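Here are the chains, one letter per residue:
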Amino acid sequence: PLMMEKPPAPFPGQALELAELAEARGGVTQVGHNMRHAPGVAKFRQLMATPAFGRLLFLESRYFMPSPMWHETGGHREGWQYMIFQATHAVDLARCVGGEIDTVYARRAVGAEGRFAIAAAVTFASGAAGTITLTGCTPNWTCKLEAAGDARAHLRLVNLHTLHFETAAEGSGYRPTPGIPGQSWTPATRDNAEIRAGYWGQMVAFARAVRAGTGGEPTLRDAWRAMALCEAILDSIERGQPVETRA
């Protein structure tokens, strides 16, 4: 059994080699994309699967950080240090919640000392639209998932901590209606950050996978896909056009 921190390799090609080797040998492996195992993300996915949410139409995965800066290459290309250590969180969450991503179209703004922001429009294999928004310029870490379903439902999870689920109700719409029904979920104020961020959950998931003799989640192939999508975001920025990313 092998538990690896992300990224599993410096470059996507090497990550794919590891994934193919693990699949050929049939070993139990798991990569440390901890946010997949956060209780807030689990609740988000549970509510998305309900009839009250409907079919996913839109998903935003937002990840704001103070660094790394754009000029930090990670031995590969501009922006790569940020992409493989920070952006992979947002990309993996988008795939985990919204499904496979088929295309990305990204734009970037760079400011003082290499601080930057990226907006990437994505299309999911399901037909849903979405965005992945990233920064290397904010004072601190901020993470947000937001989704809209065709049952007129709205889900948002802020910093893996506070979740709100608003469903369609009589009176919903443009007219201001105080008290539109919704559900809120917030862990205890003095919660354990290791649990909230998914670090504990990923270790529990790996232990269960080892006991069952099955692969953990996310797999090495999942980690490779996240890295390949990060590369595609940079490719789109350089080319100024959409990039197909079908697996």
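That block above? That's the structure.
Residues numbered from 1 in each chain as written. Predicted model: local features only at pLDDT ≥ 70, side-chain atom pairs only at ≥ 80, totals over all residues. Heavy atoms only, no water.

1. A closer look at the environment of Ser61
And then number 1: With respect to the secondary-structure elements, Ser61 resides in strand β3 (residues 56-65).
And then number 2: For Ser61 and Leu160, which are 99 residues apart along the polypeptide, the C-alpha to C-alpha distance reads 12 Å.
And then number 3: Excluding anything up to four places from it in sequence, Ser61 contacts Ala90, Leu93, Ala94, Thr131, Ile132, Thr133, Lys144 and Leu145.
And then number 4: In this structure the side chain of Ser61 is engaged in a polar contact, spanning 2.8 Å, whose partner is the backbone oxygen of Ala90. (Helix = DSSP H or I, 4+ residues; strand = E, 2+ residues; numbered from the N terminus. Contact = heavy atoms within 4.5 Å. Polar contact = N/O pair within 3.5 Å; in protein donor to acceptor, adjacent residues only side chain to side chain.)

2. A closer look at the side chain of His37
And then number 1: Within the secondary structure, His37 is located in the loop between β2 (29-32) and α2 (39-48).
And then number 2: Reaching out from His37, the side chain makes a polar contact with the backbone oxygen of Glu217 at a distance of 2.7 Å.
And then number 3: Beyond its immediate chain neighbours, meaning those up to four positions away, His37 contacts Gln30, Gly198, Gly201, Gln202, Ala205, Glu217 and Pro218.

3. Some points on the pattern of salt bridges
And then number 1: Inspection of every chain in the model, using the stated rule, returns 17 salt bridges.
And then number 2: As a salt-bridge pair, Lys144 and Glu146 come within 3.2 Å of each other at their nearest N and O atoms.
And then number 3: The buried category is assigned to Lys144, whose relative accessible area is 18%.
And then number 4: Where salt bridges share partners, they join Arg36, Arg45, Asp92, Arg95, Glu100, Glu217, Asp222 and Arg225 into one cluster. (Salt bridge = Lys/Arg side-chain N within 4 Å of Asp/Glu carboxyl O. Buried < 20%, exposed > 50% of the residue type's maximum accessible area, 1.4 Å probe, protein only.)

4. Details of the packing of helix α1 (residues 12-25) against helix α6 (residues 220-239)
And then number 1: Between α1 and α6, whose axes approach to 8 Å, the crossing angle comes to 160°. In terms of their interaxial angle, α1 and α6 are classed as roughly antiparallel. The handedness of the crossing between α1 and α6 comes out as left-handed. Residue-level inspection shows Pro12, Ala15, Leu16, Leu18, Ala19, Glu20, Ala22 and Glu23 of α1 in contact with α6, the latter providing Leu220, Arg221, Trp224, Met227, Ala228 and Glu231. (Axes fitted to C-alpha atoms, helices over the stretch in contact; angles between N-to-C directions. Parallel < 35°, antiparallel > 145°, perpendicular 65-115°, else oblique. Left-handed = near helix turned anticlockwise from the far one by under 90°.)

5. Notes on the nonpolar core
And then number 1: Within the largest apolar cluster, 55 residues are counted, with the highest numbers of intra-cluster contacts made by Phe44 and Met83.
And then number 2: Look past the residues within four positions of Phe44 in its chain and what remains in contact with it is Leu59, Val97, Leu145, Glu146, Ala147, Leu155, Arg156, Leu157 and Leu163.
And then number 3: Counting six residues, the second-largest nonpolar core is a separate cluster that includes Ala19, Ala22, Leu220 and Ala223. (Core = buried A, V, L, I, M, F, W, Y, C linked by side-chain atoms within 4.5 Å.)

6. Digging into the pairing of strand β8 (residues 153-158)
And then number 1: Covered by surrounding structure in β8 are Ala153, Leu155 and Leu157 only, the residues His154, Arg156 and Val158 on the alternate face being uncovered.
And then number 2: Where strand β7 (residues 142-149) folds back on β8, the antiparallel hairpin that results is connected by three residues, among which Arg152 adopts a positive phi of roughly 65°.
And then number 3: Across five bridges, the pairing between β8 and strand β9 (residues 162-166) is antiparallel. Each residue of the ladder has a partner; that of Val158, found in β9, is Thr162.
And then number 4: Hairpin geometry of β8 and β9 is characterised by an intervening segment of three residues between the two adjacent antiparallel strands and by a positive phi of about 55° at Asn159. (Pairing = 2+ DSSP bridges.)

7. Some words on the sheet that holds β9
And then number 1: In spatial order, the strands read β10-β9-β8-β7-β3-β6-β5-β4-β11; together these nine strands make up an open sheet with mixed pairing. For this open sheet the edge positions go to β10 (182-185) and β11 (243-244), each flanked by a neighbour on one side alone.
And then number 2: Summarising the sheet, strand β4 (residues 101-110) and strand β5 (residues 116-124) pair through nine bridges and their orientation is antiparallel. Counted as the bridge partner of Arg108 is Ile118 from β5.
And then number 3: Lying on the sheet, helix α3 (residues 80-98) is in contact with β3, β4, β5, β6 (129-136) and β7; it crosses β3 at an angle near 160°.

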